[in-house]
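Listed below are the residues making up each chain.
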Amino acid sequence: MSAIELKNVNFSYDGKTKILENTDFTAEYGEVTLLSGHSGEGKSTLMYIVSGIIPNVNYGELSGDVKIAGEDIKGKKLGYICRKVGVVLQNADEQIIQKIAEDEIAFGCENLAFPPESIQKQIEIVCNLMKLDKKWTCRTLSGGQKQRLITASTLAMGQKIIILDEPLANLDKDGAAMLMGTLRALAGAGYCVVVIEHRLDMVLPFVDTVWHIGNKTVKKVENRQAYLQQQTAKIEDICAPFEAAVPVFKLQNAAFSVKKERVILKDVTLEIPRGGRTVFLGENGCGKTTLLRLIARLYKPTGGAIVQYIDEKFGQKPKGSRAWYKKVGIVYQNPDYQLFMPTVRQEISFGAKGEEYAAEIAELFGVKHLWERHPQSLSEGQKRRVSIAAVAACEPEVLLLDEPTVGQDYDGLCAMVEVLNRLHMQSGNTMITITHDVRCAEALCDRAYLIADGMVAKCGGKELVREYFTS
């Protein structure tokens, strides 16, 4: 008996455009199954069907047979299916509802009527597995820590079928290896684990079966090695060698704490070269995003100082002004935080010098065909490209990118990196990027800083990127 079995499944959100057509898919107990493919092709839709989110929450036209643990789930309520299938969503913020980590983990167990002593035991087990402190405040966690938290919350509920939608998206290399090792161990204990993921180099060593989704259907991949080579080659840097000039930002012993209860940065001294491309590296929770927000003037240092800004007129004002944010564009780790217009066209046109230029940028980032779609109706990978395109259309002097490649298939990733580098060469902008993606880190780097224990541990160039990802 298969854990998951789909036969001749068809689905359309609007009754016109089919997302899945005549699709067959299986996943077995005792195996880790990988589902990969292009962004926006239906990976998340397939997960929603298996977990009962479609048609119980997200509506559309669904036909075909969907069996979970040998049982047809047609007509079954979401609560019934949830007892069989655990789901880790792609966007961690959509899944976290409690203030404290242990309350978040306990919440799902309470809904399944676990006894109190069992809940406490589960909290201890999964916090140890995912290297979490159960007393952490959820809103202060990094993107990678949030990802580990929602994974822990799902594992604590103990369903034998677990689906994870891009669980490695914001995880550092050690966190990704830890999670995949845990999932491999669960499969060995008889669980069915389905992973939807683009970072194939991190997942293929741990999986048993690989499926590729594209052209509205799913096919099993027989030659895994060839598939891996197609999807994981490092991206070449098209930019000329960079010679560091004057700094555009200079930080001196900068520190940042959350209400004195949690020190995130404690002694950061660094320079960002004007017109260069700087990459921040480091483990989840080391302070990379906080550092980016200090530079963007979204946060104010609680110690030390940023002693130099773009130019002198901005001085040491506590917050950014309208003039400041015309010069400094930031792309958040979670695109939902900055997509606010009713259409992609309006989103990208909002800060552009004209709609013609906005359309040109949309074409470059591969989102022109989504022109009249609502941004929140897009896949996570499409949202990411729209959010970057919207900021790039404003032509900022400084472009800050927090995990810009999350949710991108390999072809989309190659295209995005090339566009970012071409815009950089044309405008001479300063780019600062946070990334855990080994495929593109070197291609976006002139200078690299490794952040550890709230400080700069190392500074270098592309060689530091290679060292970080191979150590």
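All values derive from a computational prediction rather than experimental measurement.

A. Quick peek at the state of the cysteines. A complete count under the given rule lists zero disulfides for this structure. Considering cysteine sulfurs only, Cys109 is the nearest to Cys82, which forms no disulfide, with 13 Å between them. Lacking any disulfide linkage, Cys109 is separated from the closest cysteine sulfur, that of Cys127, by 11 Å. With relative accessibility at 0%, the residue Cys109 sits in the buried group.

B. Structural detail: the packing of aromatic side chains. For the coordinates displayed, the defined rule picks out eight aromatic pairs. Relative to Trp324, the ring of Phe249 lies with its centre 6.3 Å away and its plane at 65°, an arrangement referred to as edge-to-face. A residue pair is termed long-range when its members are at least 10 positions apart, and Phe249 in strand 11 (residues 247-258) and Trp324 in helix 11 (residues 322-327) qualify at 75 residues. A relative accessible area of 0% places Phe249 in the buried class.

C. Region of the structure containing the sheet that holds strand 8 (residues 192-196). In space, the six strands of this open sheet follow the order 6-7-8-3-9-10, with mixed pairing throughout. Both outer strands of the open sheet, strand 6 (85-88) and strand 10 (217-220), are each paired with one neighbouring strand and no more. Looking at each pair of strands side by side, their axes are set apart by 20° on average, direction ignored. Contacts between helix 9 (residues 224-232) and the sheet are confined to strand 3 (31-37) and strand 9 (209-214), with strand 9 contributing the most and set at about 50° to the helix.

D. Highlighting the pairing of strand 4 (residues 61-68). Bridge count between strand 1 (residues 4-12) and strand 4: seven bridges; the pairing is antiparallel. When the sheet's bridge partners are listed, Ser12 is paired in strand 4 with Glu61. Across two bridges, the pairing between strand 4 and strand 5 (residues 71-72) is antiparallel. Note that in strand 5 the partner of Lys67 across the bridge is Asp72. Counting the residues that bridge the hairpin from strand 4 to strand 5 gives two residues, and of these Ala69 lies at a positive phi of roughly 55°.

E. Quick peek at the nonpolar core. Membership of the largest hydrophobic core comes to 47 residues, with the highest contact counts inside it found for Ile105, Leu149, Leu168, Leu183 and Val193. Here the element with the most residues in this core is helix 7 (residues 173-188); it accounts for seven residues. Beyond its immediate chain neighbours, meaning those up to four positions away, Leu183 contacts Val32, Leu164, Val193 and Val195. In this structure, Val344, Val391, Leu413 and Leu423 belong to the second largest nonpolar core, which totals 36 residues.

F. Layout of the environment of Asn284. Here Asn284 lies in the loop between strand 13 (277-281) and helix 10 (288-295). For the pair Asn284 and Asp174, spaced 110 residues apart in the sequence, the C-alpha separation amounts to 9.2 Å. Asn284 has contacts with Ser142, Gly144, Gln145, Arg148, Asn170, Leu171, Asp172 and His436, leaving out every residue within four places of it along the chain.

G. Summary view of the packing of helix 4 (residues 101-111) against helix 5 (residues 116-129). Contact pair helix 4 / helix 5: the axes reach a minimum separation of 10 Å and the direction vectors enclose 130°. On the basis of their axis angle, the class for helix 4 and helix 5 is oblique. As helix 4 packs across helix 5, the resulting crossing turns out to be right-handed. Mapping the contact onto sequence places Glu102, Ile105, Ala106, Cys109 and Glu110 in helix 4 and Ile119, Gln120, Ile123, Val126 and Cys127 in helix 5. Taken together, the residues that form the contact of helix 4 with helix 5 break down as seven nonpolar, one polar and two charged.

H. Broad picture of the sheet that holds strand 2 (residues 18-27). Spatial ordering of the open sheet is given by 2-1-4-5, a layout of four strands whose pairing is antiparallel. Every other strand in the sheet has two partners, leaving strand 2 and strand 5 as the edge strands with one partner each. Pairing between strand 1 and strand 2: six bridges, direction antiparallel. Counted as the bridge partner of Val9 is Thr23 from strand 2.

I. Up close: the pattern of salt bridges. Applying the stated rule across the entire model yields 23 salt bridges. For Glu71, the salt bridge is made with Lys76, and the minimal N-O distance between the two is 3.6 Å. Between Arg277 and Asp446 there is a salt bridge whose closest N-O contact spans 2.9 Å. Pair noted here: Arg277 is in strand 13 and Asp446 is in the loop between strand 17 (430-434) and strand 18 (447-452), with a separation of 169 residues, a long-range link. On the basis of relative accessible area, Arg277 is assigned to the buried category, the value being 1%. Taken together, the shared-partner salt bridges in this structure form one network comprising Asp237, Arg277, Asp446 and Lys462.

J. Highlighting the packing of helix 4 against helix 6 (residues 143-156). Running from N to C, helix 4 and helix 6 cross one another at 35°; their axes reach a closest spacing of 8 Å. Helix 6 is crossed by helix 4, and the crossing has right-handed handedness. In this structure, helix 4 uses Ala101, Glu104, Ile105 and Cys109 to contact helix 6, whose residues at the interface are Leu149, Ala152, Ser153 and Ala156. Split by residue class, the contact of helix 4 with helix 6 holds six nonpolar, one polar and one charged.

K. Molecular detail of helix 14 (residues 380-392). Between its first and last C-alpha atoms helix 14 spans 18 Å; for 13 residues at 1.5 Å apiece the expected length is 18 Å, and the two agree. Counting buried positions over the 13 residues of helix 14 gives 13, a clear majority of the element.

L. The pairing of strand 17, seen in detail. The buried fraction of strand 17 is high, at five of five residues. Both faces of strand 17 are covered, namely the face carrying Thr430, Ile432 and Ile434 and the face carrying Met431 and Thr433. Relative to strand 17, strand 13 runs parallel, the two being bridged by four bridges. Bridged to Val279 within strand 17 is Thr433. Two strands pair when backbone bridges link them, and strand 16 (residues 398-402) and strand 17 are joined in this way by five bridges, in the parallel orientation. Residue pairing across strands places Leu400 opposite Ile432, the latter belonging to strand 17.

Parameters at a glance
Residues numbered from 1 in each chain as written. Predicted model: local features only at pLDDT ≥ 70, side-chain atom pairs only at ≥ 80, totals over all residues. Heavy atoms only, no water. Disulfide = S-S within 2.5 Å. Buried < 20%, exposed > 50% of the residue type's maximum accessible area, 1.4 Å probe, protein only. Phe/Tyr/Trp six-rings, centres within 6.5 Å; stacked < 30°, edge-to-face > 60°. Helix = DSSP H or I, 4+ residues; strand = E, 2+ residues; numbered from the N terminus. Pairing = 2+ DSSP bridges. Axes fitted to C-alpha atoms, helices over the stretch in contact; angles between N-to-C directions. Contact = heavy atoms within 4.5 Å. Core = buried A, V, L, I, M, F, W, Y, C linked by side-chain atoms within 4.5 Å. Parallel < 35°, antiparallel > 145°, perpendicular 65-115°, else oblique. Left-handed = near helix turned anticlockwise from the far one by under 90°. Nonpolar A, V, L, I, M, F, W, Y, C, P; charged D, E, K, R; others polar. Salt bridge = Lys/Arg side-chain N within 4 Å of Asp/Glu carboxyl O. Expected span 1.5 Å × (residues − 1).

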